[in-house]
Amino acid sequence: MTVDILIGWLQQAIRFAAFIMLASLGELLIEKSGSLNLGTPGTMCVGAAAGFISVFYYCNSTEDPNAAIIILLALGVSFVAATFMGVLFGFFTISLRINQNVVGLVMTMFGCGLAEFLSVYFIKSESGNVRCQEAYDVLTAKIPFLSDKLGYVSDILFSYGFMVYATIALIVGMMIFLYRTRAGLNLRAVGENPGTADAAGINVTGYKYAAACVGSGLIGMAGIFCVMEFKSGAWATADVPAIEAFGWLAVALVIFALWKPINLLWGAVVFGVCYWAESYLPQMGIVISTDIVQMLPYVITILVLIVVNLRKNKENQGPASLGLPYFREER
Amino acid sequence: MNTNMTPAVTFRGVTKTFGDNYANKDITMDIYSGEILALLGENGSGKTTLMNMLSGIYYPDGGEIFIRGKKAAIRSPHDAHELGIGMIHQHFKLVDVFTATENVLLGIRGEGKYNPAAAAARIREICATYGFELDPSQKVYDMTVSQKQTLEIVKALYRGAEILILDEPTAVLTPQEADKLFSVLRNMRAEGKTVIIITHKLQEVLSISDRVAILRKGGYIDTVDTSSATELSLTELMVGKKVELEIERPSVKDRVLRLQVQHVNAFNSEGTQVLTDVSFDAYGGEILGIAGISGCGQKELLEAVAGLQKVEEGSEILYDDPKGKRESLLGKSPKQIKRMGISLSFVPEDRLGMGLVGSMGMTGNMMLKSYSDGRSLIAETKAPKELAEKIRDELEVVTPSINTPVRRLSGGNIQKVLVGREIASSPAVLMTAYAVRGLDINASYTIYHLLNQQKQKGVAVIFVGEDLDVLLALCDRILVLCGGRVNGIVDAKETTKEQIGYLMTNLKEENA
Amino acid sequence: MSNQMTKKREPLFHIVRRDNMPMLAAWGYRIGAFVLALLLNAVFVWCMVRVDPITFYSTMWEGAFGSESYIWATLKAAAKLLCIAVALSPAFKMRFWNIGAEGQVLIGGMAAAFVMYHYTALPTVVLFLVMIIASIIAGGIWGFLPAFFKAKMNANETLFTLMMNYIAMNVVDYFYDKWRGFRSALGILNQNTKIGWFASIWKDNDTDGLMTNEDFWFIVVILVIMTLMFFYLKLTKQGYEISVVGESHNMARYAGISVNKVILRTMILSGAICGFCGFLVVSSQSHTISSGLASGYGFTAIIVAWLSKFNTFTMAGVSLLIVALEKGSALMANTYGMRGFSSSAADVMVGAMLLLIIGSEFFINYKLMFRKKDKEVQAA
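### Topic: the overall build of chain B
Moving on, step 1. Counting secondary structure elements, chain B contains 17 helices and 20 strands.
Moving on, step 2. Relative to the 2.2 N^0.38 estimate, which gives 24 Å for 512 residues, the radius of gyration of chain B is 25 Å and therefore close to what a compact globule would have.
Moving on, step 3. Taken over the C-alpha atoms alone, chain B extends approximately 70 × 50 × 45 Å along its principal axes.
Moving on, step 4. Put simply, chain B has 512 residues, and 56% of those count as buried.
Moving on, step 5. If you take every contact in chain B between residues at least 6 apart in sequence, the share linking residues at least 24 apart comes to 67%.
Moving on, step 6. By element, 48% of the accessible surface of chain B is carried by carbon and sulfur atoms, the whole surface being about 21500 Å².
Moving on, step 7. Seen as two clouds, the 59 positive and the 65 negative side-chain charges of chain B have centres 5 Å apart.

### Comments concerning the pattern of salt bridges
Moving on, step 1. Applying the stated criterion to the full structure yields 28 salt bridges over all chains.
Moving on, step 2. With a shortest N-O distance of 3.3 Å, E229 of chain A and R15 of chain A are connected by a salt bridge. A residue pair is termed long-range when its members are at least 10 positions apart, and E229 of chain A in helix 10 (residues 204-229) and R15 of chain A in helix 1 (residues 2-32) qualify at 214 residues. Across the pair, exposure class does not vary: E229 of chain A and R15 of chain A are buried alike.
Moving on, step 3. A salt bridge links K71 of chain B to E64 of chain B; the nearest nitrogen and oxygen atoms lie 3.5 Å apart.
Moving on, step 4. K71 of chain B gets classed as partly exposed once you look at its relative accessible area, which sits at 42%.
Moving on, step 5. Overlapping salt bridges bring together R255, E286 and R477 of chain B as one network.

### Looking at the packing of helix 1 of chain A against helix 12 (residues 261-283) of chain A
Residues and elements named next belong to chain A.
Moving on, step 1. With their axes 6 Å apart at the nearest point, helix 1 and helix 12 run at an angle of 140 degrees to one another. On the basis of the axis angle, helix 1 is oblique to helix 12. The handedness of the crossing between helix 1 and helix 12 is right-handed.
Moving on, step 2. Residues of the contact of helix 1 with helix 12, tallied by class, amount to 22 nonpolar, 5 polar and no charged.

### Some details on the packing of aromatic side chains
Geometry of an aromatic ring pair is reported as the spacing of the ring centres plus the angle between the planes.
Moving on, step 1. Counted according to the given criterion, the structure contains 45 aromatic pairs over all chains.
Moving on, step 2. Measuring from centroid to centroid gives 6.2 Å for F128 of chain C and F279 of chain C, while their planes differ by 85 degrees, and the two rings are edge-to-face. Note that F128 of chain C is positioned in helix 6 (residues 124-153) and F279 of chain C in helix 11 (residues 259-286), a separation of 151 residues in sequence.
Moving on, step 3. Looking at F128 of chain C, the relative accessible area reads 9%, which means it is buried.
Moving on, step 4. The exposure class assigned to F279 of chain C is buried, which follows from its relative accessible area of 2%.
Moving on, step 5. Ring pairing ties together the aromatic residues F16, F19, F225, F230, F246, Y275 and W276 of chain A, which thus form one cluster.
Moving on, step 6. The positively charged end of R30 of chain C is found above the aromatic ring belonging to W27 of chain C, 4.5 Å away from the centroid.
Moving on, step 7. In this arrangement the basic side chain of K80 of chain C is found over the ring face of Y297 of chain C, its NZ or CZ atom lying 5.7 Å from the centre.

### What to know about the interface of chain B and chain A
Moving on, step 1. At the interface, 24 residues of chain B touch 19 residues of chain A.
Moving on, step 2. Summed over both sides, the interface between chain B and chain A buries roughly 2000 Å², with carbon and sulfur atoms accounting for 56% of that surface.
Moving on, step 3. Linking chain B with chain A are 2 salt bridges, by the criterion used here.
Moving on, step 4. At the junction of chain B and chain A, the tally comes to 6 residue pairs in polar contact (both at pLDDT 80 or more).

### Description of the sheet that holds strand 16 (residues 344-347) of chain B
The strands that make up a sheet pair up through hydrogen bonds in the backbone, lying either parallel or antiparallel.
Residue and element names in this part refer to chain B.
Moving on, step 1. Pairing is mixed in the open sheet, where 6 strands are placed in the order 16-17-18-13-19-20. One side of each edge strand has no neighbouring strand; the edge strands of this open sheet are strand 16 and strand 20 (485-491). Neighbour-to-neighbour, the strand axes of the sheet open up by a mean angle of 15 degrees, direction not taken into account.
Moving on, step 2. Direction of pairing for strand 13 (residues 286-291) relative to strand 18 (residues 460-464): parallel, over a ladder of 5 bridges. Its bridge partner lying in strand 18, G289 is registered against F463.

### Quick look at the domain arrangement of chain B
The accessible area lost on association of the parts is a frequent measure of interface size.
Residues and elements named next belong to chain B.
Moving on, step 1. What the domain assignment lists for chain B is domain 1 (9-239) and domain 2 (250-341 + 466-512).
Moving on, step 2. Between the C-alpha centres of domain 1 and domain 2 the distance comes to 33 Å.
Moving on, step 3. Across the interface of domain 1 and domain 2, roughly 1200 Å² is buried in total on both sides, 51% from carbon and sulfur atoms.
Moving on, step 4. Viewed at the interface, domain 2 and domain 1 are joined by 1 residue pair in polar contact (both at pLDDT 80 or more).

### Details of the pairing of strand 19 (residues 477-482) of chain B
Residues and elements named next belong to chain B.
Moving on, step 1. When you tally the buried positions in strand 19, you get 6 out of 6 residues, the bulk of the element.
Moving on, step 2. Taking every second residue as pointing to the same face, both faces of strand 19 are buried, with R477, L479 and L481 on one and I478, V480 and C482 on the other.
Moving on, step 3. Bridge count for strand 13 against strand 19 is 4 bridges, and the pairing is parallel. Residue pairing across strands places I290 opposite L479, the latter belonging to strand 19.
Moving on, step 4. In sequence, strand 19 turns back onto strand 20 through a hairpin of 2 residues, with G483 there showing a positive phi of about 55 degrees.

### Some thoughts on the packing of helix 1 of chain A against helix 11 (residues 240-256) of chain A
All names here are of chain A.
Moving on, step 1. At a closest axis distance of 8 Å, the pairing of helix 1 and helix 11 adopts a crossing angle of 60 degrees. The orientation of helix 1 with respect to helix 11, classified from their angle, is oblique. Pair helix 1 / helix 11 crosses with right-handed handedness. Packed against helix 1, whose contacting residues are F16, F19, I20, M21, A23, S24, E27, L28 and E31, the element helix 11 presents F246, L249, A250, L253 and V254 at the interface.
Moving on, step 2. Class assignment of the residues belonging to the contact of helix 1 with helix 11 gives a composition of 11 nonpolar, 1 polar and 2 charged.

### Digging into the interface of chain C and chain A
Moving on, step 1. Facing 46 residues of chain C, the contacting portion of chain A comprises 44 residues.
Moving on, step 2. Across the chain C/chain A interface, buried area totals approximately 4200 Å², and carbon plus sulfur atoms make up 77% of it.
Moving on, step 3. Between chain C and chain A we count 0 salt bridges in total.
Moving on, step 4. The interface formed by chain C and chain A holds 2 residue pairs in polar contact (both at pLDDT 80 or more) in total.
Moving on, step 5. Elements supplying a minimum of two residues to the side of chain C that touches chain A: strand 1 (13-17), helix 2 (23-49), helix 6, helix 7 (157-180), helix 12 (297-308) and helix 14 (343-365) of chain C.
Moving on, step 6. For the side of chain C that touches chain A, the residue count by class is 30 nonpolar, 11 polar and 5 charged.

### Observations regarding the side chain of R75 of chain B
Moving on, step 1. Residue placement: R75 of chain B occurs in the loop between strand 5 (70-72) and helix 2 (77-82).
Moving on, step 2. At 3.3 Å, the side chain of R75 of chain B forms a polar contact with the side chain of Y59 of chain B.

### Things to note about a nonpolar patch on the surface
Residues and elements named next belong to chain C.
Moving on, step 1. A surface patch of nonpolar side chains, about 590 Å² in accessible area, is lined by V125, V126, L129, V130, I133, I137 and I141.
Moving on, step 2. With respect to the secondary-structure elements, V126 resides in helix 6.
Moving on, step 3. Owing to a relative accessible area of 36%, V126 belongs among the partly exposed residues under this scheme.

### Overview of helix 2 of chain C
Moving on, step 1. With 27 residues, helix 2 of chain C should reach 39 Å at 1.5 Å per residue; the first-to-last C-alpha distance of 38 Å fits that figure.
Moving on, step 2. Of all the residues in helix 2 of chain C, the buried ones are A26, R30, A33, F34, A37, L38, N41, A42, V45, M48 and V49 of chain C.
Moving on, step 3. On its buried face, helix 2 of chain C sits against helix 4 (100-123) of chain A together with helix 3 (53-65), helix 12, helix 13 (312-336) and helix 14 of chain C.
Moving on, step 4. Immediately beyond the C-terminal end of helix 2 of chain C, within one or two residues, lies R50 of chain C, with a positive phi of roughly 55 degrees.

### A short note on the sheet that holds strand 14 (residues 316-320) of chain B
Residues and elements named next belong to chain B.
Moving on, step 1. Pairing is antiparallel in the open sheet, where 4 strands are placed in the order 12-11-14-15. The sheet is open, and its two edges are formed by strand 12 (273-284) and strand 15 (326-328), each paired on a single side. Taking the axes of each pair of neighbouring strands and ignoring which way they run, one obtains an average angle of 15 degrees across the sheet.
Moving on, step 2. Against the sheet, helix 9 (residues 298-306) makes contact with strand 11 (256-267), strand 12 and strand 14, and its axis sits at roughly 65 degrees relative to strand 12, the strand it touches most.

Rules behind the numbers
Residues numbered from 1 in each chain as written. Chains lettered and ligands numbered in written order. Predicted model: local features only at pLDDT ≥ 70, side-chain atom pairs only at ≥ 80, totals over all residues. Heavy atoms only, no water. Helix = DSSP H or I, 4+ residues; strand = E, 2+ residues; numbered from the N terminus. Rg over C-alpha atoms; globule rule 2.2 N^0.38 Å. Buried < 20%, exposed > 50% of the residue type's maximum accessible area, 1.4 Å probe, protein only. Contact = heavy atoms within 4.5 Å. Areas by Shrake-Rupley, 256 points an atom, 1.4 Å probe, with all protein chains shown as cover. Lys, Arg positive; Asp, Glu negative; His and termini not counted. Charge placed at Lys NZ, Arg CZ, Asp CG, Glu CD. Salt bridge = Lys/Arg side-chain N within 4 Å of Asp/Glu carboxyl O. Axes fitted to C-alpha atoms, helices over the stretch in contact; angles between N-to-C directions. Parallel < 35°, antiparallel > 145°, perpendicular 65-115°, else oblique. Left-handed = near helix turned anticlockwise from the far one by under 90°. Nonpolar A, V, L, I, M, F, W, Y, C, P; charged D, E, K, R; others polar. Phe/Tyr/Trp six-rings, centres within 6.5 Å; stacked < 30°, edge-to-face > 60°. Lys NZ or Arg CZ within 6 Å of the ring centre and 35° of its normal. Buried area = accessible area lost by both parts, 1.4 Å probe. Polar contact = N/O pair within 3.5 Å; in protein donor to acceptor, adjacent residues only side chain to side chain. Pairing = 2+ DSSP bridges. Domains from an automatic or database assignment. Patch = residues over 30% accessible without salt bridge, like charges linked within 9 Å, V, L, I, M, F, W, Y side chains within 5 Å. Expected span 1.5 Å × (residues − 1).

Below, the structure written as structure tokens:
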């Protein structure tokens, strides 16, 4: 029945959307501080690999894995590993003042390599697929009652793992941070006009580093989230390029969302619908090339970029100093 | 003024150098609470540098600053805030996409929870106290220049500024807006605040200030009570005695009309009118000086002639070539002007940002004007190389090689390269903006000499300058710009320094 | 009291830009960073698989240049990387961040493959002409679009070109899937007829020697492009305009250069060469199309072009170096894979080396001035 197909499609789209928007949220935070981090895909891969390896080891080393420890390990380790990437990015772009694009691209190459390396080295199975059922069960646990007792409402709104809701909560938290706190105000000022921020006594370097670290951490968590939700807790070294591609999609989503956290929520779902069109359109008897549909997110993002510049509405532009280095005038 | 009071600010022997130049030398003065002090001086007299030391942008090389009687080390704008010093710069430090309130709150620490509503209420309170008009929820990109300035002042007051410094606040304001600003400043004085206003507009000085401190060439001259000052007395203090310079002024018999600029109006990219009904003629065989406070439209005027500044309809720029043909330069790009066979040379103020390619050697820079000559795809390099060598030899440019990037040369040598190139194309009109700024005496005289040579060749030379002594000694006629208008064209042999200083700072009624 | 405050507030050092480091010294820093990276990698390899540095370095050398076939593989890959970097050089010299080389190569290759797939009846010369023109136009369009929106409305070119990559990938995937039909993979195009291959230019019977070696001609053509680009940037009027626009738009206006025209022209050129590179790869190397055609070199080339500072001959050296590292590490992975040294360890090594080398740029462009020495340093 068409409705069921549509619901299935939407469910998959939302599952897909959740980890993409988490990665985008991290990148958004970094971009708000004025840094364009093209190392996002690499960071996401590193987070995924590190997070998975840690839970994999833990689950294999104990008879009765503890759910809390699994969550802590998966999220914590991926966050920390990705923060390491953020520190590197910050060191090269902020302290050493090397071009952000160049550093970002190297970070992506390095990060993808590192993720594969870690996975081969620790899991000792270059081609084989391993799975961590316990971690999957814990990290995609659904909310009791709400997820199955309310018919379509359950199907559409509550059929997902708790991480999906945690991500939404994080986005709300980010909105509060950016628009309702002093630190958020200062951070946005750094991304808009670092000279002014500096003159107002704001520690520009500190904010940029902090954003790079925390943002990268979120991107890393999106990595392990992707492995659990999208790959159903299975890991193969060969999956790294797929995660890398999701990382690029996350970079696109930040633009698509016009650098506003709230737009990530629905923007990611649009991306998810496009991604899953492959499986659901044929079921509905619609024949269209999936490659063309998968191209849509990028096409729309470019259109958004054009329209934003066309309308010259300052509210919808990216941070004014995005991608530009900042040096205080020599005194 | 009650001199028993502790001064709000005391400078004692304050000195600041940049390289070998003194920006401020041994400045000692007091500024009191509840007064409006005008800081008066020509361009480059060190007013802004002195105030930047008070607001934490620069740190003095020598001397001491006391705030309310206590010795202070002001090392950053933050230190200045804590001492209750706020400075409103000419270039506003505001975040465009933020509201007024957000800009005010920027960087404030330790004030409890972030509460824009409460801040907005306090902003309204401040506005009510002093008579500002400001909407706390308005975004900066929607604001006029005057509103942005208001916001900057409110920002300083919000942070508890007791000493407020305004750097040429009226330069960007209409007369009505300036009046409004002044009434606010008077309110602040009534509240016991110290207001320091940097300006060169004498009428304003007389109408707003209590005392006037005068700086000249980095040094402190005097502080006088405004009530006992006149425009003439202030001008004399500001420009000083005429210095006799040994610059020649060869006379040329046959002056020919070369350039007619008529009713030129122009706006800058921010939409402010920068040139208003500017008209003048320039003759071959004379040097026309252009005097004015900086930012009075000199740059835009030269760029309008060179085809780089858009001018409004109704403007006209006519060029008479030596054969007697008259052509309009209006709306022509530099390339089109060149294609018309008109040799127009322009030495811009921003030497390395506009006139010369810093990363290229002399040869590469010679090509900037000639690279597109000929039909070949390959750029001609032989002639530029020869020209570079010729300029190096004739003007004695000190450079390791003609391929050394020019930005590594000294200021004087950079200017020789630029002027040399512009002269080499045998121009009919040669425009120079601040051609000797930052140059030592010898290099300056080389430039004067080159300009005189051009004049004798029958070139119409336009010389925008800031040193009145030089303008008086070098030029034949001097056009004085004031606020984007022509406030008089005088004969340099007849006029006095005071008269030019007066024209620079006082817009005549009939021109206003 | 004042002194105490001084101590508290002054940072240990401050950073000053410098632009006068002699070229040799600058290369000294870069080579120093490279050597340091090699040493670090030797340590890394020792810790991981207990291979001593001498064996490590000789294996690396072996993998890159150890035999004729290794040398060919290295040179081919280096040429491909070089070609893309050369294509990027005019854009970068103009300070236009073209991140879209990967897509420009793909779309050019796609256009070439499309012609050789569909127009097999054309005479060889015409076919090649059409392939070349199609690939150049396709790449040119991919370069033109971001440049147009940059020139007209100042749209961020980094983000724009980045998105264009993925559109190109999906276009390629579309045709790949369409042509593949129900087969598992597309396979080689025109395998039997060799239509559209370099190899179809010469007769089958003279099989020996360089003259009939597709790889050889691939490399030669790219070296020619490299040389032409070197002189284009250095000697031509257009090259001069690119330098001036890259320096400052204001200066370009002063010199009477139309900034928008130069941006458009240069990006079309940059994209067109990338497209042509796609044609070269399809016609002489892969003989097929897939979204892996550029093998990520579109991104690596950005690093090559940036490191080489617009000098295309330097790009040749840097490309060779990076590819040699890749190939050498690949042999390391082959040899010591059993001990856990995977091909991805090789990626980590190359990535770490690149990070170190780009990090050395800081010391070339800036110097640290320690507070105490302030006066002397400034005087010097």
